[in-house]
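Inside the fold
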Amino acid sequence: QVLLVESGGGYVQPGGSLRLSCVASGKFFSLGLMGWYRQAPGKERELVASITSGGNTNYADSVKGRFIISRVNAENTVHLQMISLKPEDTAVYYCSAVSQPTMRQFWGQGTQVTVSS
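Every value quoted in this text rests on a predicted model; they were computed, and no experiment measured them. (Residues numbered from 1 in each chain as written. Predicted model: local features only at pLDDT ≥ 70, side-chain atom pairs only at ≥ 80, totals over all residues. Heavy atoms only, no water.)

So, about the overall build of the protein. Assigned secondary structure in the protein consists of zero helices and 11 strands. For 117 residues, the compact-globule estimate of 2.2 N^0.38 gives 13 Å, and the protein sits close to it at 14 Å. Expressed as lengths along the three principal axes of its C-alpha atoms, the size of the protein is roughly 45 × 25 × 20 Å. For the protein, the exposed area adds up to about 6,200 Å²; of that, 52% sits on carbon and sulfur atoms. The centroid of the 10 positive side-chain charges in the protein is displaced by 5 Å from the centroid of its 7 negative side-chain charges. (Helix = DSSP H or I, 4+ residues; strand = E, 2+ residues; numbered from the N terminus. Rg over C-alpha atoms; globule rule 2.2 N^0.38 Å. Areas by Shrake-Rupley, 256 points an atom, 1.4 Å probe, with all protein chains shown as cover. Lys, Arg positive; Asp, Glu negative; His and termini not counted. Charge placed at Lys NZ, Arg CZ, Asp CG, Glu CD.)

Structural data, given as structure tokens:
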């Protein structure tokens, strides 16, 4: 079982920055793919960015060049640095992690990001 706890969400004006963090705890051997998803009101949950244990990253086209995902394997943490935020980035952001070797996917409780003037 993996418990994921996010932090760092909040309210920011367009053009502003936020940094989201997620820490994993519980009983697991190791974590594989970790990532950030978001869900805006009335929309489906979508992948924002993901990162493998080896550091390979993948980004949604809408955030390329503005968001950076990183992780510290020894600390079981994953971060999302967000700059040049836009109103359309407003959503609940969820941390996700896949435990190894079970390959089960776990989710955090979500943190709200609101971008508005």
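The next point concerns the pattern of salt bridges. This structure, assessed with the given rule, holds four salt bridges. The residue Arg38 makes a salt bridge to Glu46 at a minimum N-O spacing of 2.7 Å. Arg38 gets classed as buried once you look at its relative accessible area, which sits at 6%. The shortest N-O distance in the salt bridge between Asp61 and Lys64 comes to 3.1 Å. With a relative accessible area of 66%, Asp61 lands in the exposed category. On the accessibility criterion, Lys64 (49% relative accessible area) is partly exposed. (Salt bridge = Lys/Arg side-chain N within 4 Å of Asp/Glu carboxyl O. Buried < 20%, exposed > 50% of the residue type's maximum accessible area, 1.4 Å probe, protein only.)

Mapped onto the secondary structure, Ser99 falls in strand S9 (residues 91-100). For Ser99, a relative accessible area of 4% translates into the label buried. Of note is the side chain of Ser99, whose polar atom sits 2.5 Å from the side chain of Thr102. Not counting chain neighbours up to four residues away, the residues in contact with Ser99 comprise Val2, Phe28, Ser30, Leu31, Arg104 and Phe106. (Polar contact = N/O pair within 3.5 Å; in protein donor to acceptor, adjacent residues only side chain to side chain. Contact = heavy atoms within 4.5 Å.)

Overall, the coordinates contain one aromatic pair when judged by the stated rule. Geometrically, the ring pair formed by Tyr37 and Trp107 is edge-to-face, given 4.8 Å between the ring centres and 65° between the ring planes. In this pair, Tyr37 is assigned in strand S4 (residues 30-39) and Trp107 in strand S10 (residues 105-107), connecting sequence segments 70 residues apart. It is Arg45 that lies over the ring of Tyr94; its NZ or CZ is 3.8 Å from the centre. Directly above the ring of Trp107 sits Arg45, whose terminal nitrogen or CZ lies 4.7 Å from the centroid. (Phe/Tyr/Trp six-rings, centres within 6.5 Å; stacked < 30°, edge-to-face > 60°. Lys NZ or Arg CZ within 6 Å of the ring centre and 35° of its normal.)

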